[in-house]
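Below are the chains, spelled out letter by letter.
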Amino acid sequence: MPSPLRKESPTGSQQPDMTVARGGRLPETVDEAMQGLNQSVEVDSALWRVDILGSKVHARGLARAGVLTEAEANTLVRGLEQIEAEIESGQFVWDPQREDVHMNIEARLTEIVGPVGGKLHTARSRNDQVATDLRLYTRSAVDDVIRALVDLERTILSRAVSEIDTLMPSYTHLQRAQPSRLSHHLMAWHEMLSRDYNRLVSARDGLNESPLGAGAVAGSGYPLDRAWVAKELGFERPMRNSIDATGSRDFLMEVVSALAILGVHLSRISEEIVIWSTTEFGFLTLSDAFSTSSSMMPQKKNPDVAELIRGKAARLIGHLTALLVLEKSLAFGYGRELQEDKEPIFHAMRDTMLSLRALTGALATCTFRRDRLEGALEQGHVCATDLADYLVMSGVPFREAHHIVGGLVREAETEGVQLSELSVDVLAQAHPSLMRPEAREALDARAAVERRKLVGGPAKACVLKEAEEAERRWVVALSASSWRRI
Ligand code: ARG
């Protein structure tokens, strides 16, 4: 190993040719079939920006450690900046022969700066390099997802506030159950997604550590300041173990499992959009900008936005499965199959962003049809529980009250009317206290909703308070310098 303190370094031609991934003990060419399997640049070139960032900090770190001179580090950083400009302007030519993003950039660097380019990889392996790139990429992609999720959350919140007076039935088993309000239902979506936000914030916290300096597996003998490098890259700290740092991908599993759960949640909301926009339900009309038509049936207006988001949830579950299985039974230390972690994480991020943006737009522009939502309260005896509760107030045990009202529902069904339309005689026969006018009030849906004013209930004041508190939490979360759980 060269002396880490040596200031002058040779610029001669003894440097190995870094323009190919091979070298070392092997000849420069591989079989064509191997080449196809081996190369990953078509996928991992997406990491170029974080790869260059990591390399610049590594170059500076090598100079701090006395492994490179300041002048050499400056040359490397300037060369990397030129590559950045070339990639940004589309001039850069990615070469699959050079295997991956790391080797493509390093080879171009040597073309630009000469043999000193071969010094960049001192004290570094592609194993700690790619682990660092992935953490940097994922951290920033998670930030985008969190921002898009907060947008969706606040869109739902604002619809909940503007629809505060719209009533609707709540459902169990997709059967009308009890009277509620649309905003209570929308706040249920919001609440569920708030947990997704928290999961993503936790996963982001967990990944924010630096693998650089772990080398291929067993660290490096150069006096690198790993804590300085970590700080320069915005990481909380260096990873504590070099074997773990290079071979573990649970940070990806954690993020993508948060995305898969989020996808499942978006699919539940989407399912309701599909159901609600049927002629049969008619609760919601999507705006034209978020609807599609049929190539054959001119009358069709389809909720494809929601169906596609359900489809993306299936893919997200697949991406998570791929990551879990990639690492399953992997012995400690980097294994090359880890190269296959890129597509799942890239696609998971893309699928999630597409879903979040489209759902936000669809919900911001849809029309909730109050006539249909409130009309649905008129059928289905949704105040039956309230009538039973009324009997309980007059001293009837709940089980008995449940039985009495069940009999009345049967009677109403036989007559083809609603509970509220039964005659006083029929009610009186079932139980004498049902003769009182208060019994009729128990069957008023709006009053029934307002009675449910426990924390978490649908009464107007409860839902408004819930929405106001939620909005306050978002404002605080967005003004903080880093994401915090809410
Ligand atoms: N392209 C590789 C990956 O994404 C980089 C690491 C290669 N390491 C190795 N020892 N061959 O995982």
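Residues numbered from 1 in each chain as written. Predicted model: local features only at pLDDT ≥ 70, side-chain atom pairs only at ≥ 80, totals over all residues. Heavy atoms only, no water.

Trainee: I keep staring at the packing of aromatic side chains and nothing clicks. Help me out?
Mentor: Within a pair of aromatic rings, the relevant descriptors are the distance that separates the centres and the angle that separates the planes. Applying the stated criterion across every chain yields a total of eight aromatic pairs. With a centroid separation of 5.0 Å and 85° between ring planes, the pair formed by Tyr 197 and Trp 474 is classed as edge-to-face. With Tyr 197 in helix α7 (residues 182-207) and Trp 474 in helix α19 (residues 460-479), this pair connects stretches of sequence that are 277 residues apart. When its relative accessible area of 0% is taken as the criterion, Trp 474 is described as buried. On the numbers, 5.2 Å between centres and 75° between planes, the contact of Phe 281 with Phe 283 is edge-to-face. A residue is classified by how much of its surface remains accessible, and Phe 283, at 2% relative accessible area, is buried. (Phe/Tyr/Trp six-rings, centres within 6.5 Å; stacked < 30°, edge-to-face > 60°. Helix = DSSP H or I, 4+ residues; strand = E, 2+ residues; numbered from the N terminus. Buried < 20%, exposed > 50% of the residue type's maximum accessible area, 1.4 Å probe, protein only.)

Trainee: Quick question: what am I supposed to make of helix α4 (residues 70-88) here?
Mentor: With 19 residues, α4 extends 27 Å from end C-alpha to end C-alpha; this agrees with the ideal 27 Å at 1.5 Å per step. Looking at the buried residues of α4, the elements they touch are α3 (48-64) and α5 (101-113). Positive phi appears at Gly 90, one or two residues downstream of α4, with a value of about 80°. (Expected span 1.5 Å × (residues − 1). Contact = heavy atoms within 4.5 Å.)

Trainee: Explain the packing of helix α10 (residues 250-276) against helix α12 (residues 342-365) to me, please; I cannot follow it from the model alone.
Mentor: For any two helices packed against each other, the geometry is given by the interaxial angle and the distance between the axes. For the pair α10 and α12, the least separation of the axes is 10 Å and the interaxial angle reads 30°. For the element pair α10 / α12, the angle class is roughly parallel. Along this stretch, α10 crosses α12, giving a crossing that reads as left-handed. Of the residues in α12, those touching α10 at Leu 252, Val 255, Val 256, Leu 259, Leu 262, Leu 266, Ile 269 and Ile 273 are Ile 345, Ala 348, Met 349, Thr 352, Ser 355, Leu 356, Leu 359 and Leu 363. Residue classes in the contact of α10 with α12 are distributed as 14 nonpolar, two polar and no charged. (Axes fitted to C-alpha atoms, helices over the stretch in contact; angles between N-to-C directions. Parallel < 35°, antiparallel > 145°, perpendicular 65-115°, else oblique. Left-handed = near helix turned anticlockwise from the far one by under 90°. Nonpolar A, V, L, I, M, F, W, Y, C, P; charged D, E, K, R; others polar.)

Trainee: It is not clear to me how the packing of α4 against α5 should be interpreted in this structure. Could you clarify?
Mentor: Packing of α4 against α5 brings their axes to within 9 Å, and their N-to-C directions diverge by 115°. Between α4 and α5 lies a crossing whose hand is right-handed. When α4 is examined against α5, the residues Thr 75, Leu 76, Gly 79, Leu 80, Gln 82, Ile 83 and Glu 86 are found in contact with a partner set consisting of Ile 105, Arg 108, Leu 109, Ile 112 and Val 113.

Trainee: For this particular structure, what's the right way to read the site of the ligand?
Mentor: In the vicinity of the ligand, the contacting residues are Ser 40, Asp 100, His 102, Arg 126, Asn 127, Val 130, Tyr 334, Arg 336, Gln 339 and Lys 342. The side chain of Tyr 334 places a nitrogen or oxygen atom 2.3 Å from an oxygen atom of the ligand. Top element by residues in the shell around the ligand is helix α6 (residues 126-162). It accounts for three residues. Its residues assigned to classes, the shell around the ligand shows two nonpolar, four polar and four charged. (Near = heavy atom within 4 Å. Polar contact = N/O pair within 3.5 Å; in protein donor to acceptor, adjacent residues only side chain to side chain.)

Trainee: Would you mind showing me how to read the pairing of strand β1 (residues 167-172) here?
Mentor: Along a regular strand, successive side chains alternate from one face of the sheet to the other. With six bridges joining them, β1 and strand β2 (residues 175-181) adopt antiparallel strand pairing. When the bridges of β2 are listed, Met 168 appears paired with Ser 180. The turn joining β1 and β2, which pair antiparallel and follow one another in sequence, is formed by two residues; a positive phi near 55° is taken by His 173. (Pairing = 2+ DSSP bridges.)

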